[in-house]
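Examining the three-dimensional arrangement
Each chain is listed here by its residues.
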Amino acid sequence: MGFAVSSPSVFALLDGNNFYCSCERVFDPSLNGQPMVVLSNNDGCSIARSDEAKALGIKMGAPWFQIRHLEQTAGLKAYSANFELYGDMSHRMMTMAETLGCGQEVYSIDECFLDMTGIPDATERARRKQAEILQGIGIPTCIGIAHTKTLAKLANHIAKSADRKPGSYPPQLGKVCNLAEMTDRQRDWLFNRTAVTEVWGVGPRIGKQLNAAGIHTVLNLKRLDPATVKRNWSVVLERTVRELNGVSCFSMDNVPEPKQQIACTRSFGQKVTALAELKEAVTEFAGRAAQKLRGQNSQANAVLVFIHTSRFRVQDKQYAKSITVPLRLPTADTLRIVGAALMGLERIFRPGYNYAKAGVMLLDLQAATVAQQELDLGDDARETEVRNGRLMAALDALNDRYGRGTLKLGSALVEGRDARQRSRWVMKQERRTPRYTTRWDEVMAVT
DNA sequence: TCTGGGGTCCTAGGACCC
DNA sequence: TCTGGGGTCCTAGGACCC
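Not measured: the values here are computed from a predicted model. (Residues numbered from 1 in each chain as written. Chains lettered and ligands numbered in written order. Predicted model: local features only at pLDDT ≥ 70, side-chain atom pairs only at ≥ 80, totals over all residues. Heavy atoms only, no water.)

1. Regarding the overall build of chain A
This is how the line gets drawn: The numbering of helices and of strands both runs from the N terminus, where a helix is a DSSP run of H or I of at least 4 residues and a strand a run of E of at least 2. Think of it in three bands: residues with accessible area under 20% of the maximum for their type are buried, residues over 50% are exposed, and the middle band is partly exposed, with areas taken using a 1.4 Å probe on protein chains only. Any two residues whose heavy atoms approach within 4.5 Å at even a single point are treated as in contact. Accessible surface is estimated by sampling points in the Shrake-Rupley manner with a 1.4 Å probe; for residues, cover comes only from the protein chains shown.
Within chain A, the regular secondary structure consists of 16 helices and 13 strands. Residue burial in chain A is summarised as follows: out of 447 residues, 45% are buried. Counted over contacts in chain A with a minimum sequence separation of 6, partners at least 24 positions apart contribute 68%. Counting only carbon and sulfur atoms, one obtains 52% of the accessible surface of chain A, whose full area is about 23900 Å².

Pasting the structure below:
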């Protein structure tokens with residue numbers, strides 16, 4: 001019997017380049033090479049930028065009204081976010097990416113970790129997978145490979161920079177960068193020319209503190225004593241330092257855990273002052289949140305509702321308030337959840353303000369097990385639960401089949417208002433492309 | 001005029017208990 | 001006059017992520 005040599009973990013991080021922009025480009029190739037941005041809800045600010053838009057100096061989160069002039073002067077193209085399209089494209093990309101490793105953790109809409117432990121020729125396989133995804137669904141990707149998740153994220157950053165910023169790193173590290181196959185010297189050489197703020201887990205706040213302490217590069221941070229880091233910063237940053245040194249502290253999360261809280265919050269298309277309109281919005285948000293809750297087979301024990309004015313309108317009187325309404329029994333019933341949210345809204349509403357945003361959050365979630373449905377209710381109450389359960393299932397099935405918002409509660413409309421008239425709170429989306437892949441009536445026509 | 005949305009984890013501090 | 005200490009649970013707020 002030979003020795004069981006356990007090879008060290010190898011993680012890959014695959015992500016779609018400028019993902020939302022790339023999705024739009026798949027369906028409109030004339031956008032290739034053009035400066036373009038995808039805008040947040042309400043066409044508020046830029047949440048995705050093509051390389052060409054980045055080159056124009058457009059920052060992540062830049063308010064649209066501040067960069068809008070570039071439409072005329074630089075040919076900038078802008079699109080309202082089309083999350084239904086991006087979600088579907090994401091699913092296709094993740095399905096193809098999965099077979100690169102022997103385990104996959106979908107980390108966000110545009111990136112996933114893959115377990116490549118013990119897989120030979122990781123770099124070559126990664127390059128083949130990348131070509132396959134580009135050919136199959138048209139999304140360009142970058143892949144970072146290393147012995148820890150933090151290092152894989154860093155490798156991914158190097159792969160991107162080497163590809164797009166000539167001179168930043170050796171060009172052969174472009175698109176796929178495998179730190180696991182390098183020597184310590186080679187890695188440190190790269191770390192020495194990478195800013196500490198690029199490290200996963202180092203945000204603006206900690207970045208500033210590290211800089212003030214003379215820590216400017218990844219190599220500087222890697223060489224700090226973990227105990228000192230824990231004392232001066234936190235256990236979180238301590239783990240990051242260990243990970244930079246090749247000690248894996250974050251493992252793969254192959255099966256997604258159910259969410260511990262579920263939110264639906266929106267900024268309004270226009271300022272809202274009337275309680276009736278806030279009720280309409282909160283009814284809608286609570287309904288959406290309840291649907292997500294049922295989607296992961298959970299129940300909530302509390303509902304939080306908040307409203308606030310716009311901090312950017314300095315001339316306005318400001319008001320912000322939230323309230324948590326406990327539910328008597330854990331539930332996923334839209335009617336109960338909406339009821340609790342509206343009760344909370346009535347409590348915190350104050351007249352005389354220009355409201356800019358509201359939201360509903362479901363808290364203290366638990367699994368909706370059979371045992372909980374068998375709670376000791378009276379016959380009438382149990383009958384109501386069962387009836388509502390069937391009603392909710394029917395609601396979800398219809399909305400699932402015919403598109404979100406096909407069927408909603410009557411109270412989601414302000415009484416007396418013409419149903420065809422748009423409410424003030426509904427978000428503005430003036431630049432959305434068709435939902436090519438998920439709506440029959442918006443499928444691309446090939447002529 | 002116009003500034004997103006949805007999450008997680010950690011920590012400090014208060015309430016409460018013995 | 002002297003005025004403990006350790007544990008747990010909960011919540012609010014901060015920091016980070018995409």
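2. Structural notes on helix H14 (residues 334–348)
So the rule is basically this: Given the number of residues in a helix, its expected span is that number minus one, multiplied by 1.5 Å. Throughout this description, a polar contact denotes any pair of N or O atoms lying within 3.5 Å of each other; where both atoms belong to protein, one of them has to be capable of donating a hydrogen while the other can accept it, and for residues adjacent in sequence the pair is counted only when both atoms sit in side chains.
Taking 1.5 Å per residue as the helical rise, H14 with its 15 residues ought to reach 21 Å, and the 21 Å between its terminal C-alpha atoms agrees with that figure. Residues of H14 that are buried: Thr 334, Ile 337, Val 338, Ala 340, Ala 341, Leu 342, Gly 344, Leu 345 and Ile 348. Between a side-chain oxygen at the N-terminus of H14 and the backbone nitrogen of Leu 335 the separation is 2.8 Å; the capping residue is Asp 333.

3. Observations regarding the protein's contact with DNA strand B
Selection criterion: Nearness of a residue to a molecule or strand requires only that one of the residue's heavy atoms be within 4 Å of it.
Residues in contact with DNA strand B amount to 23 residues; listed here are only the nearest, Arg 239, Ala 263, Thr 265, Ser 267 and Arg 313. When atoms of DNA strand B within 4 Å of the protein are split into backbone and base, the sugar-phosphate part holds 70%. Note that a phosphate oxygen of DNA strand B is positioned 2.7 Å from one of the side-chain N or O atoms of Arg 239. Interatomic distance of 2.9 Å between a side-chain N/O atom of Arg 266 and a phosphate oxygen of DNA strand B. In terms of residues, the surface near DNA strand B owes the most to one element, strand E9 (residues 262–272), which gives seven residues.

4. Focus: the pairing of strand E10 (residues 298–309)
How we decide: Here, strands pair whenever DSSP counts at least two bridges between them.
In terms of burial, E10 is largely enclosed, as eleven of its twelve residues are buried. Here two bridges tie E10 to strand E13 (residues 366–367), and the two strands are oriented antiparallel to one another. By the bridge assignment, Ser 298 is partnered in E13 with Ala 367.

5. Structural notes on the pattern of salt bridges
Rules: In what follows, salt bridge is the name for a side-chain nitrogen of Lys or Arg lying within 4 Å of a carboxyl oxygen of Asp or Glu.
Counted by the stated rule, this structure contains 19 salt bridges. The salt bridge partner of Asp 15 is Lys 160, with a shortest N-O separation of 2.9 Å. Taken together, the residues Asp 15 in strand E1 (residues 11–16) and Lys 160 in helix H7 (residues 149–164) connect sequence positions 145 residues apart. On the accessibility criterion, Lys 160 (24% relative accessible area) is partly exposed. The partner of Arg 25 in a salt bridge is Glu 52, and the shortest N-O contact between them spans 3.0 Å.

6. What about the nonpolar core?
Quick note on the threshold: By nonpolar core is meant a set of buried Ala, Val, Leu, Ile, Met, Phe, Trp, Tyr and Cys residues that side-chain atoms within 4.5 Å join together.
The biggest cluster of nonpolar side chains holds 36 residues, and the ones touching the most others in it are Phe 268, Val 360 and Leu 362. Taken together, the elements giving at least two residues each to this core come down to E9, helix H13 (275–295), E10, strand E11 (320–331), H14 and strand E12 (355–363). The next biggest cluster of nonpolar side chains, apart from the first, holds 35 residues, and it includes Tyr 86, Met 116, Ile 133 and Ile 143.

7. Some remarks on unusual backbone geometry
A positive phi angle, near 65°, is found at Asn 42, a position not held by glycine. Mapped onto the elements of the fold, Asn 42 is located in the loop between strand E2 (36–39) and strand E3 (46–49).

8. Focus: the protein's contact with DNA strand C
Around DNA strand C, the surrounding shell holds 13 residues, and the nearest of these are Ser 108, Lys 153, Gly 201, Arg 205 and Ile 206. Here the atoms of DNA strand C within 4 Å of the protein split so that 100% fall in sugar or phosphate, with bases taking the remainder. Lys 153 has a polar side-chain atom sitting 2.8 Å from a phosphate oxygen of DNA strand C. Taking Gly 201, its main chain carries an N or O atom lying 2.9 Å from a phosphate oxygen of DNA strand C.

9. As for the sheet that holds strand E8 (residues 176–178)
Convention followed: Interaxial angle, 0 to 180 degrees, is taken between N-to-C directions of lines fitted to C-alpha atoms, where a helix line uses only the stretch in contact.
Reading across the sheet, the five strands line up as E5-E6-E1-E7-E8 and stay open at both edges, with mixed pairing between neighbours. Edge strands, defined here as strands with exactly one partner in the open sheet, are strand E5 (104–108) and E8. Going from strand to strand, the sheet's axes swing by 15° on average, the running direction of each strand aside. Strand direction decides the pairing type here: E1 and strand E6 (residues 111–115), joined by five bridges, are antiparallel. Note that in E6 the partner of Ala 12 across the bridge is Leu 114.

10. So, the side chain of Glu 24
We apply this condition: Charge counting follows a simple rule: Lys and Arg are positive, Asp and Glu are negative, and His as well as the terminal groups are ignored.
Position of Glu 24 among the secondary structure elements: in helix H1 (residues 19–27). No salt bridge is formed by the buried Glu 24. Its closest oppositely charged neighbour is Arg 432, at 7.7 Å. Apart from the residues within four sequence positions on either side, Glu 24 is in contact with Leu 31, Met 36, Val 38, Ser 80, Asn 82, Leu 85, Tyr 86 and Thr 433.

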